[in-house]
Amino acid sequence: MTAAAGTHDEVRLDITGMTCASCANRIERKLNKVEGVQATVNYATEAATVRFDRDTVDTDQLLATVAAAGYAASLPAPPAADDEPGPDDDAPTAEDRALRQRLVVSAALALPVLLLSMVPPLQFENWQWLALTLASPVAVWGAWPFHRAAAVNARHGASTMDTLVSIGIVAAFVWSLYALFLGDAGAPGMRMEFHLLAEQGAGTSELYLEVAAAVTVFLLAGRYAESRARRRSGSALRALLTLGAKDAAVLRDGVEVRVPADRLAVGDRFVVRPGEKVATDGVVVSGSSAVDASMLTGESVPVEVGVGDRVTGATVNVGGRLVVEADRVGAETTLAALGRLVTAAQSGKAPVQRLADRVSAVFVPVVLVIALATLVVWLLVTGDVAAAFTSAVAVLVIACPCALGLATPTALLVGTGRGAQLGIVIKGPEVLESTRRVDTVVLDKTGTVTTGEMALVEVVGHPDTLRFAAAVEAASEHPIARAVVRAVAQPLSEVHDFANRQGRGVSGTVEGRLVVVGRVGEMPAPPSAELADAVVRAEDAGRTAVLVSVDGEVVGLCVVADTVKPSSAAAIAALRDLGLAPVLVTGDNAGAAAVVARTVGLDPDAGEVVAGVLPEGKVDVVRGLQVRGRVVAVVGDGVNDAPALAQADLGLAMGTGTDAAIEAADLTLVRADLSAAVDAVRLSRRTLATIKANLFWAFAYNVALVPLAALGFLNPVLAGLAMAASSVLVVGNSLQLRRFTAGG
């Protein structure tokens, strides 16, 4: 998959053979050395995102560069055929099955070795030779993935975590062979005890078969658990990308023909029956129903749709039959766009990861030097070869660059994936830091705080005012007309001689009486003082009043307005709780703006409302706040919001808004609800906190335990267990983000 931009392409490469963060760093460095290439390699997703100049570099050269580094790369496989089952996150892959088999066999062989070595009563005469027989397959075949990777890296003059592990296991095994065949450990009746600390004075009577076997098993178990957890961490994105319908019932000359969804074209009309998925984005041209969009928005309540309403691909029709005209297909659909955004976010690197990358790059060589220094110092100070060897092996085994490498990408995988499930799309990892720093949130009124749709809010005058008005307005498509009609529950009377006075009102005959609905100037007679006052009050509040006359007499008026969303007040209160100062920006006059502001808990007198702002003036409002030292977030949905979203330190675009707004924003809210903005900030901050907790643990683990191992306070068996546990702990902590709930 490539995306051209000028003379540059961007491609994703699937990479195999990486076993730790050091591998990812090494591949990234190799790719970035190629002229015209900018690459980011993500160990957690096992992929590289490469931007390159297609005039100087091609994909074959990129693949060859990865191969030259000792790894394998390939372009992403095409989507599976419609009849092929999708991936099951709980089903192990072929690689996992092979790893599990290696783990089970190694564990079965290592357990007797561990018991014989640690429990003296179990040590019968010549037990050590049985231990050698059982431990040999584990140290050679069981640890083969580590040995192979270390050898490949060595051929390319590099070292990774596998280098440490392989040297540690080989050293323990070779020492044991020396002690058995050339030392005193092979003598009949030899006894051995387990010690937490490096034992001094044991000499060549000490065996390390249990170290070689147990460390292998612990690390295989850690790698297996890590692999399963990493696959689970990306499950939300895979689920998102497989949500779409497989086929659609397209109308061809009035006959339904089922065609694969990927063959739909713009303009095709297709049928969606109850229980079926909408095949692609489009507009309803026939029928009415309720659509369940929970898989995209996280909102469990179905949305009512009818003729003229937009529907999104992958949503589920839960009511009546719909005929939809496709207007976006393939890579242009909402689902595809969200998938690209999430994939891009997961491929990036947060600023907090840069330090971890720099440490990982030099980690393995430093540990090798520490292990060698440990061996030399112990020999010089104590003269005890066994104690020196034990401490040096413990240093090799305890060090864990993987925990550093996994700290950020696994949290990003889970956090962005969970966001996608809740209708929150985080454009990139750098956005996370912005959510922590913002202290002010600018809210566009129309479509963000309010619904952006007219609704009837008041009727003044004769009891039949609404009934007569709705009967005439039913023949009009004007937003005010639709608002009046929606407010009437009972069947409407038939209208005759309907006339639409463009921009001024409508008229028609209802039940034999002439009804006119419109502005004051369209009325056949002036309204009463009471109705005239009601018109003034409505307009002062930023509302629209239409008068209704029946047979030449003004009998009443209907007041319509852009209504406040039910969740806006609670969402604004929640934003305050997060430490954000809300500011409402609107083009309405000050009086109308104040009414909306007070409805949602804002204080116009405290500077929380900026009224009379032209569309192009929103950028100036944001700049003004930034000049005063504020770190500003903007929530908007329209084309006119795009400049302000781009200017803001953090832009949040309602997914129901325009492509321009979504492109300019840092966070996209698929759910057209201000409470989604609250959840977006909460989730971003929680993800950032998880990353920092992971990095703290990874750094603290290595800083604390490597010196302990060097000082002889850790047995290599316990070091191997701790090393395996550290990676699993980091991934497990990231998986806690899957429990994040909206509104929690």
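Structure first, text after, so check above.
Residues numbered from 1 in each chain as written. Predicted model: local features only at pLDDT ≥ 70, side-chain atom pairs only at ≥ 80, totals over all residues. Heavy atoms only, no water.

S.K.: Would you mind going over the packing of helix 3 (residues 94–118) against helix 4 (residues 127–142) with me for this structure?
M.R.: Axis angle and axis distance: for two packed helices, these are the angle between their axes and the distance between the axes, and together they describe the pair. Two elements in contact, helix 3 and helix 4, have axes whose closest approach is 9 Å; the angle formed by their N-to-C orientations is 150°. The angle between the axes of helix 3 and helix 4 places the two elements in the roughly antiparallel class. Like other packed secondary-structure pairs, helix 3 and helix 4 cross with a definite hand, here left-handed. In this structure, helix 3 uses Gln-101, Arg-102, Val-105, Ser-106, Leu-109, Ala-110, Pro-112, Val-113, Leu-116 and Ser-117 to contact helix 4, whose residues at the interface are Trp-127, Leu-130, Ala-131, Leu-134, Ala-135, Pro-137, Val-138, Trp-141 and Gly-142. When grouped by side-chain class, the residues that make up the contact of helix 3 with helix 4 number 14 nonpolar, four polar and one charged. (Axes fitted to C-alpha atoms, helices over the stretch in contact; angles between N-to-C directions. Helix = DSSP H or I, 4+ residues; strand = E, 2+ residues; numbered from the N terminus. Parallel < 35°, antiparallel > 145°, perpendicular 65-115°, else oblique. Left-handed = near helix turned anticlockwise from the far one by under 90°. Contact = heavy atoms within 4.5 Å. Nonpolar A, V, L, I, M, F, W, Y, C, P; charged D, E, K, R; others polar.)

S.K.: Explain the packing of helix 14 (residues 430–437) against helix 24 (residues 674–710) to me, please; I cannot follow it from the model alone.
M.R.: Running from N to C, helix 14 and helix 24 cross one another at 110°; their axes reach a closest spacing of 8 Å. Viewed along their axes, helix 14 and helix 24 adopt a mutual orientation that is roughly perpendicular. Where helix 14 crosses over helix 24, the handedness of that crossing is left-handed. Touching Leu-432, Glu-433, Thr-435 and Arg-436 of helix 14 are Val-681, Ser-684, Arg-685, Thr-687, Leu-688, Ile-691 and Lys-692, all from helix 24. Per-class residue counts for the contact of helix 14 with helix 24 are four nonpolar, three polar and four charged.

S.K.: Help me understand the pattern of salt bridges, please; the structure alone is not making it clear to me.
M.R.: For side chains bearing opposite charge, pairing can occur when the charged atoms are close. Applying the stated criterion across every chain yields a total of 15 salt bridges. As a salt-bridge pair, Glu-511 and Arg-467 come within 2.6 Å of each other at their nearest N and O atoms. In this pair, Glu-511 sits in the loop between strand 18 (505–510) and strand 19 (513–518) while Arg-467 sits in helix 16 (residues 465–473), placing the two residues 44 residues apart along the sequence. (Salt bridge = Lys/Arg side-chain N within 4 Å of Asp/Glu carboxyl O.)

S.K.: Explain the nonpolar core to me, please; I cannot follow it from the model alone.
M.R.: Grouped together as the largest cluster of nonpolar side chains are 134 residues, with contacts concentrated most on Leu-31 and Val-50. Here this core gets 15 residues from one element, more than from any other, and that element is helix 24. Once you skip the residues sitting within four places of it in the chain, Leu-31 turns out to touch Val-37, Ala-39, Val-41, Ala-48, Val-50, Leu-62, Thr-65 and Val-66. Membership of the second largest hydrophobic core comes to 20 residues, among which are Phe-468, Val-517, Val-555 and Cys-558. (Core = buried A, V, L, I, M, F, W, Y, C linked by side-chain atoms within 4.5 Å. Buried < 20%, exposed > 50% of the residue type's maximum accessible area, 1.4 Å probe, protein only.)

S.K.: What exactly am I supposed to notice about the sheet that holds strand 11 (residues 310–311) here?
M.R.: Strand-to-strand pairing in sheets goes through backbone hydrogen bonds, with the strands running parallel or antiparallel. Sheet architecture is open: six strands sit in the order 6-5-7-13-8-11, paired in antiparallel fashion. Edge positions in the open sheet fall to strand 6 (255–260) and strand 11, since each of these has one partner strand only. (Pairing = 2+ DSSP bridges.)

S.K.: Would you explain the pairing of strand 13 (residues 322–328) in this entry?
M.R.: Inspection of the sheet shows strand 7 (residues 269–272) paired to strand 13 by four bridges, in the antiparallel sense. Bridge assignment links Phe-270 to a residue of strand 13, and that residue is Val-324. Here strand 8 (residues 281–286) pairs with strand 13 via five bridges, running antiparallel. Considered in strand 13, the bridge of Asp-281 is made with Arg-328.

S.K.: Explain the sheet that holds strand 24 (residues 632–636) here, please?
M.R.: An order of 14-26-25-24-15-22-23 is seen for the seven strands of this open sheet, with the pairing classed as mixed. Each having just a single partner strand, strand 14 (424–426) and strand 23 (609–610) make up the two edges of the open sheet. On the sheet, helix 21 (residues 618–627) packs against strand 15 (440–444), strand 22 (581–585), strand 23 and strand 24 and is oriented at approximately 160° with respect to strand 24.

S.K.: Teacher, can you tell me more about the packing of aromatic side chains here?
M.R.: For any two aromatic rings, the description comes down to two numbers: the centre-to-centre distance and the angle of the planes. Evaluation of the coordinates by the stated rule reveals four aromatic pairs. A ring pair is formed by Trp-175 and Phe-389, whose centres lie 5.1 Å apart and whose planes are at 20°; its orientation type is stacked. Residue Trp-175 is located in helix 6 (residues 161–181), and its partner Phe-389 is located in helix 12 (residues 385–398); the two are separated by 214 residues in the primary sequence. Assessed through its relative accessible area of 12%, Phe-389 is described here as buried. Arranged with centres 5.7 Å apart and planes meeting at 45°, the rings of Trp-697 and Tyr-701 form a pair that is tilted. Taken as a pair, Trp-697 and Tyr-701 lie in helix 24 at a separation of four residues, close to a single helical turn. Overall, the relative accessible area of 31% leaves Trp-697 in the partly exposed class. Classification of Tyr-701 as buried rests on a relative accessible area of 3%. (Phe/Tyr/Trp six-rings, centres within 6.5 Å; stacked < 30°, edge-to-face > 60°.)

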